[in-house]
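# Examining the three-dimensional arrangement
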Amino acid sequence: MSRLNVHNITQSISSLTSRLSVPGIDIMRRSIERLSNILFKPKAPQLKRELSLVASVNLIVNGTIGSGIFVTPGIVLIHAGSVGMSLVIWAICGGISVLGALAFAELGMVIPKSGGQYAFFQAAFRDLHPFYGPITGFIYVWINVLVVYPATLAIFCYTFTEYIHQPLVSMFNADLDEVTEDNVKFLIRFLALGIMGYINLVSVKLYVSVQNLFSYLKLSICAMVILGAVYVQLTGQAKDLPLGFEGTNFSTKALIMAFYSGLYTFDGWCIVTGVTEEIKDPDRNVLRSILIAVPMVTGLYLSMNLAYLTMLTIPQMVSEPAVAVAFGDLVFGQWKLVICLGVAFSAFGSGLCNVFAASRLCYVAAREGQLCESFSYIHMDKLTPVPAILVQIGLTGLFLLSGDMVSLINFSNFLLWIFYGLTMITVFVLRKTKPDANRSYQVPLWIPAIVMAIALLLAIIPLVTQPPLQYLVALAFIGFGVVIYYPFVYKQKRLPYMDAFTYFTQVLFEVVPTADPDVL
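Residues numbered from 1 in each chain as written. Predicted model: local features only at pLDDT ≥ 70, side-chain atom pairs only at ≥ 80, totals over all residues. Heavy atoms only, no water.

## Some words on the overall build of the protein
Looking only at helices and strands, the protein features 20 helices and 2 strands. When the 520 residues of the protein are sorted by exposure, 54% land in the buried category. Considering only residue pairs separated by 6 or more positions, the protein has 84% of its internal contacts joining residues 24 or more positions apart. As presented, the protein carries roughly 22,100 Å² of accessible surface, and 65% of it is formed by carbon and sulfur atoms. (Helix = DSSP H or I, 4+ residues; strand = E, 2+ residues; numbered from the N terminus. Buried < 20%, exposed > 50% of the residue type's maximum accessible area, 1.4 Å probe, protein only. Contact = heavy atoms within 4.5 Å. Areas by Shrake-Rupley, 256 points an atom, 1.4 Å probe, with all protein chains shown as cover.)

As structure tokens, then:
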């Protein structure tokens, strides 16, 4: 809908509502008048740059350190077969993450837009072919916006609920029957989801402040575990660390699955390139935040795995549902509840970050015309992408009601590694198509080549060795995405009443189109 049409409609409705006296009509009239004024300002509003270097580092920390390192680090150990090999795999996963992040840092400078991989795909492939060029970016959005982000957020809500519930029960000495307990957990999950959405809706400044707080909390819990291990080691209470390679499983499938588990725990290292338009001085801070955060997380993961082994046996590492809590029970006694709270806070911080990143991907894809137009609008005062945030909250709510999110994430994991491989290809494509673009930092080309080879191996080998049903489902989901892409993106067909829906969204949420992002 053109801004002229919107202006005419707003003037007509404003004139009509000024003569009516119906409860709530004044609120609607004020919203319409404000929308009209905003739409015809000399420059439309845009997302503000609120993320400093510290906030960018904390964004990566929150996006990477979820609940996995506290709950199930034994999965890598199961597939590796020995402690020595599992530690090697953790170190290699950290190294792969650093290499991949360095390639993303250059791409973030060449394409200084939010959206991360989506923006890189659009810049590299869109003009190569009218049909196949933009489809890579659309399928990436299709998978992430509809499945991966909301399913992951739902898991964070579940994890937060499980680990906040135990301290609350202990604190209030509550004795609940099973049905009441399930209802309480249900309410906590949706309350957590609502709070995450609210923080993201209010302002980016509030989000940054809360994000930083939860980043410091989860780092404190990591430090608590590591210092606890140092204490038991110094006091002679620690078990002998079984650091050898005896029992290592050298089968290709086992090692690939071990790397899958490790790299999934590291996933989030590229999140900073998804919000480039909101980072202060992105030309420097994107690279700096990566160089600070990713090696720090790698060191923490290795240290925490070693810390757990000072008190837990290998069977305990493999079988315990929450390794950090089991460790805390042995080292801190009743203070293990602090570890429970730490796991809950870590899940909440990661969920908060998930909403932030997912809404920006949705916002950018809509701005490029590949999703509903209203998802690219931002609030006229708060300058947050309200419709994009709400759609992620709504989808997550559906996933919370559906049950099995783990399978939904697993079915798309190998696709995500295909996308990582394609992202490495964009480094080479953009070097050729945009040779004069800003590259104050250039990644050595052997780095994206190595990451591309690793990504394709991780994507293809499990599919060839044992193609499970989840991979076939993922391919079917891609096929359905192509069916949607052809009429609504490639042919640009519009559903009836979409203009009315867009206008209704603007009035209801007080959102407006944005200006093009500043290119620094």
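## Details of the packing of helix H14 (residues 323–332) against helix H15 (residues 336–367)
Two elements in contact, H14 and H15, have axes separated by 8 Å at closest approach and are oriented at 155 degrees. Here H15 runs roughly antiparallel to H14, going by the angle between their axes. Regarding H14 and H15, the two cross each other, and that crossing is right-handed. Only Lys336, Ile339 and Cys340 of H15 make contact with H14, whose side of the interface consists of Ala324, Val325, Gly328, Asp329 and Phe332. Of the residues in the contact of H14 with H15, the class split is 5 nonpolar, 1 polar and 2 charged. (Axes fitted to C-alpha atoms, helices over the stretch in contact; angles between N-to-C directions. Parallel < 35°, antiparallel > 145°, perpendicular 65-115°, else oblique. Left-handed = near helix turned anticlockwise from the far one by under 90°. Nonpolar A, V, L, I, M, F, W, Y, C, P; charged D, E, K, R; others polar.)

## A few points about the pattern of salt bridges
Counted according to the given criterion, the structure contains 9 salt bridges. The residue Asp281 makes a salt bridge to Arg284 at a minimum N-O spacing of 2.6 Å. On the accessibility criterion, Arg284 (46% relative accessible area) is partly exposed. The closest approach of N and O atoms between Arg494 and Asp499, which form a salt bridge, is 2.6 Å. (Salt bridge = Lys/Arg side-chain N within 4 Å of Asp/Glu carboxyl O.)

## Observations regarding helix H10 (residues 204–234)
The first and last C-alpha atoms of H10 sit 44 Å apart over 31 residues, in line with the 45 Å expected at 1.5 Å per residue. Phi for Gly236, located one or two positions after H10, is positive at around 75 degrees. (Expected span 1.5 Å × (residues − 1).)

## Thoughts on the confidence of the model for the protein
The predicted model of the protein averages 85 in pLDDT, with 86% of residues at 70 or higher. A low-confidence stretch, residues 1–9 (pLDDT under 50), is modelled with 16 contacts involving residues beyond four sequence positions or located in other chains. (pLDDT = per-residue confidence, 0-100.)

## What to know about the packing of aromatic side chains
Inspection of the entire model under this criterion finds 28 aromatic pairs. For the pair Phe104 and Phe120, a centre-to-centre distance of 5.8 Å together with 70 degrees between the ring planes defines the contact as edge-to-face. Of this pair, Phe104 sits in helix H6 (residues 83–110) while Phe120 sits in helix H7 (residues 117–125), placing them 16 residues apart in sequence. When sorted by exposure, Phe104 lands in the same class as Phe120, which is buried. When the ring of Trp417 is compared with that of Tyr420, the centres are 4.8 Å apart and the planes differ by 55 degrees; the resulting orientation is tilted. Highlighted residues: Trp417 and Tyr420, both in helix H17 (residues 406–433), separated by 3 residues, approximately one helical turn. The same class applies to Trp417 as to Tyr420, namely buried. (Phe/Tyr/Trp six-rings, centres within 6.5 Å; stacked < 30°, edge-to-face > 60°.)

## Overview of the packing of helix H3 (residues 53–64) against H15
As a packed pair, H3 and H15 sit with axes 8 Å apart at the nearest point and diverge in direction by 110 degrees. By the angle between their directions, the pair H3 and H15 is classed as roughly perpendicular. The element H3 and its partner H15 pack so that their crossing is left-handed. Contacts from Leu59, Asn62 and Gly63 in H3 reach Gly349, Ser350, Cys353 and Phe356 in H15. Classifying every residue of the contact of H3 with H15 by side-chain character gives 3 nonpolar, 4 polar and no charged.

## Digging into the layout of surface pockets
Considering only enclosed or pocket space, the second largest pocket measures out at about 660 Å³ in volume. Gln370, Leu371, Cys372, Phe488 and Met498 are the residues nearest the centre of the second largest pocket, which is lined by 23 residues in total. Sorting the residues of the lining of the second largest pocket by element identifies helix H8 (132–172), H15, helix H16 (386–402) and helix H19 (469–490) as the ones contributing at least two each. Among the elements that line the lining of the second largest pocket, the one with the most residues is H8, at 5 residues. Among the residues making up the lining of the second largest pocket, the classes are represented as 17 nonpolar, 3 polar and 3 charged. (1 Å grid on protein atoms, 1.4 Å probe; cavity = no way out; pocket = protein on both sides within 12 Å on 5 of 7 lines; lining within 4 Å. Points joined across faces, edges and corners; volume = space filled by probe spheres on them.)

## Focus on the environment of Ser67
For Ser67, the position within the fold is in the loop between H3 and helix H4 (68–71). Considering only alpha carbons, one finds Ser67 and Gly349, 282 residues apart in sequence, at a separation of 9.9 Å.

## Comments concerning the nonpolar core
If you look at the biggest cluster of nonpolar residues, it comprises 159 residues, and the most contacted ones within it are Leu51, Phe70, Ile89 and Tyr308. Leaving out residues up to four positions away in the same chain, Leu51 has contacts with Ser56, Leu59, Val204, Val208, Val275, Glu278, Ile279, Lys280 and Phe356. (Core = buried A, V, L, I, M, F, W, Y, C linked by side-chain atoms within 4.5 Å.)

## Description of a nonpolar patch on the surface
Taken together, the side chains of Phe186, Leu187, Leu398 and Leu401 present a nonpolar region at the surface, about 420 Å² in accessible area. Of all the secondary structure elements, the ones that give two or more residues to the nonpolar patch are helix H9 (178–202) and H16. You can see Leu398 is positioned in helix H16. (Patch = residues over 30% accessible without salt bridge, like charges linked within 9 Å, V, L, I, M, F, W, Y side chains within 5 Å.)

## Overview of unusual backbone geometry
One non-glycine residue, Leu383, lies in the positive phi region at around 60 degrees. Tracing the chain through its elements places Leu383 in the loop between strand S1 (378–379) and H16. One non-glycine residue, Tyr497, adopts positive backbone phi at about 70 degrees. Examined against the element boundaries, Tyr497 turns out to sit in the loop between H19 and helix H20 (498–509). A relative accessible area of 70% places Tyr497 in the exposed class.

## Remarks on the side chain of Asn58
Looking at where Asn58 falls in the secondary structure, it is placed in helix H3. For Asn58, a relative accessible area of 3% gives the class buried. Reaching out from Asn58, the side chain makes a polar contact with the side chain of Asn212 at a distance of 2.8 Å. Reaching out from Asn58, the side chain makes a polar contact with the side chain of Ser215 at a distance of 2.7 Å. Those residues in contact with Asn58, other than ones at most four positions away along the chain, are Gln211, Asn212, Ser215 and Tyr216. (Polar contact = N/O pair within 3.5 Å; in protein donor to acceptor, adjacent residues only side chain to side chain.)

## Examining the environment of Ala347
With respect to the helices and strands, Ala347 occurs in helix H15. Sequence spacing of Ala347 and Phe214 is 133 residues, and the spatial spacing of their C-alpha atoms is 9.4 Å. Excluding residues within four positions of it along the chain, Ala347 makes contact with Phe156, Thr159 and Phe160.

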